[in-house]
Amino acid sequence: MNPIINHLQNHRSFRKYKTDKTIPKAQLDSIIRSAQSAPSWINGQQYSIIAIQNPERKQKIAELCGNQPYIAECSVFLVFVADFYRTHLASEQHQGSHSAVENVDALLVGATDVGLACENAIIAAESFDLGVVCIGGIRRNMAEVIDFLKLPKHVFPVVGLCVGYPDVEMPIKPRFPKEAIYFEETYQTDVADLMSAYDETIIPFSAREGGISWTKRVSAFYDKDYYPSIAETLKQQGFLMKDI
C-alpha cells in the first residue's frame, strides 16, 4: 500500500480538539491552496471558502449549526459555499443572462465543486496531523448563516469543516463492504444481506448515535425534512426559480 492510499484509508472524524493551539498560517495556506487544486466543472471554480477563527464568531456559528461544541473548539472552521457570484459578474461583463443558475443543475454543480474542494482540504489537513469533521448543520439555519457571513446573491453554504488538533484518538469507522457500493457495468440491487451484515458491524462504532444500526439511523434521518426552509432560502438567493 503506497503512502497516499494509506493516508486516504486512515480518515477519521474528530469532534474534540485542543483549544490552546492555532494552526500555523503556512499550513492553513497550504490547505486552502490544496482545496483550490480540486477539479471543477468547466473550471468554473463555483465555490468559495470562508475561514472563521475569531472565538466569538466560532461560538455563534456553532449555535447556528445546532449547538455543536466542536465548532467552537476547533482551531479554524471552514465554510464551503457554492458560489455563482463570480459567474454573475462574468455574465454581466459579457452581457449574458446568467439564467442557468435558476435551474436545479446549478445546485448539483455547486455542491459537486464544494465537495471536491472540501475533500482536498481534508486530505491536506490530515497530512499535517490535524483532525477534521464535516458539518452538514451549516444548512440548518441557512438564511441566518447567509446573513452572518454576508453572502451575496447567488451564493449559499453547503458544508462546514472543523480543523484542529485532536484531543482524543478515534478509531477508523468501518465502511460498507466494497460489493455493496461498487458494481460493474450496471447497478445491482441485491444488497439487503450486505446491509444487514453492516448493521452488525457498525453498532460498536455508533455510540455517539446511541449504539444503533446503520439502517435504523439512516431511516430516522430520512423520515422527515431536516431543513425545510432551504428551498425558500435558495429561491431568495437566486436559485431554483424554474423548478419550484
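Counting starts from 1 at the beginning of each chain's written sequence and moves along it residue by residue. Restriction of local features to residues with pLDDT of at least 70 applies here, the model being predicted, together with a cutoff of 80 or more for giving and counting side-chain atom pairs; totals for whole chains, interfaces and linings are based on all residues. In computing side-chain properties, one takes all heavy atoms of the structure into account and sets aside hydrogens as well as water.

## Examining a nonpolar patch on the surface
Argument step 1. What makes a patch is a set of residues exposed beyond 30% relative accessible area and free of salt bridges, joined within 9 Å when like-charged and within 5 Å when nonpolar (Val, Leu, Ile, Met, Phe, Trp, Tyr). Note on areas: these come from Shrake-Rupley sampling with a 1.4 Å probe, and a residue is covered only by the protein chains present in the view. Between Lys or Arg on one side and Asp or Glu on the other, a salt bridge is scored when a side-chain nitrogen of the former is within 4 Å of a carboxyl oxygen of the latter. Residues M1, I4, I5 and L8 make up a contiguous nonpolar surface patch of about 430 Å² in total accessible area.
Argument step 2. Tracing the backbone through its elements, the reader meets I4 in helix α1 (residues 3–8). Secondary structure elements are taken from DSSP: a helix is a run of H or I of four residues or more, a strand is a run of E of two residues or more, and numbering for both begins at the N terminus.

## So, the pattern of salt bridges
Argument step 1. Across all of its chains, the model carries six salt bridges by this definition.
Argument step 2. Of the charged contacts in the structure, one is a salt bridge between R12 and E169, with a shortest N-O distance of 2.0 Å. With a gap of 157 residues between them, R12 in the loop between α1 and α2 (25–36) and E169 in the loop between β4 (155–164) and α8 (178–181) connect regions that are remote in the sequence.
Argument step 3. Relative accessibility thresholds used throughout: buried, under 20% of the residue-type maximum; exposed, over 50%; partly exposed, between the two (1.4 Å probe, protein chains only). The exposure class assigned to E169 is exposed, which follows from its relative accessible area of 61%.
Argument step 4. Residue R86 pairs with D83 through a salt bridge whose shortest N-O separation is 3.2 Å.

## Some thoughts on the pairing of β4
Argument step 1. The buried fraction of β4 is high, at ten of ten residues.
Argument step 2. The pairing criterion is simple: DSSP has to find at least two bridges between the two strands. Here strand β2 (residues 76–83) pairs with β4 via eight bridges, running antiparallel. Considered in β4, the bridge of F77 is made with C162.
Argument step 3. Across five bridges, strand β3 (residues 131–135) lies against β4 in antiparallel orientation. Across the sheet, the residue bridging to V132 is V163, located in β4.

## Re the domain arrangement of the protein chain
Argument step 1. Delimitation of the domains relies on an automatic or database domain assignment. Each domain of the protein chain was delimited in the assignment, giving domain 1 (3–172) and domain 2 (175–239).
Argument step 2. Here the C-alpha centroids of domain 1 and domain 2 sit 22 Å apart.
Argument step 3. Contacts were defined at the residue level, with two residues in contact if any of their heavy atoms lie within 4.5 Å. On the side of domain 2, twelve residues touch domain 1, which itself brings 23 residues to the contact.
Argument step 4. Values labelled buried area give the accessible surface lost by two parts on being combined, using a 1.4 Å probe and summing over both. In total, about 1400 Å² of surface goes out of reach between domain 1 and domain 2, with carbon and sulfur atoms giving 64% of it.
Argument step 5. Taken together, the links from domain 1 to domain 2 amount to zero salt bridges.
Argument step 6. As used in this structure description, the phrase polar contact means that two N or O atoms lie within 3.5 Å; if the pair is within protein, one of them must be able to donate a hydrogen and the other to accept it, and residues adjacent in sequence are counted only when both atoms belong to side chains. For the interface between domain 1 and domain 2, the tally reads three residue pairs in polar contact (both at pLDDT 80 or more).
Argument step 7. Among the elements of the structure, α6 (104–127), α7 (142–149) and β4 are those that each provide at least two residues to the side of domain 1 that touches domain 2.
Argument step 8. Here the element with the most residues in the side of domain 1 that touches domain 2 is α7; it accounts for three residues.

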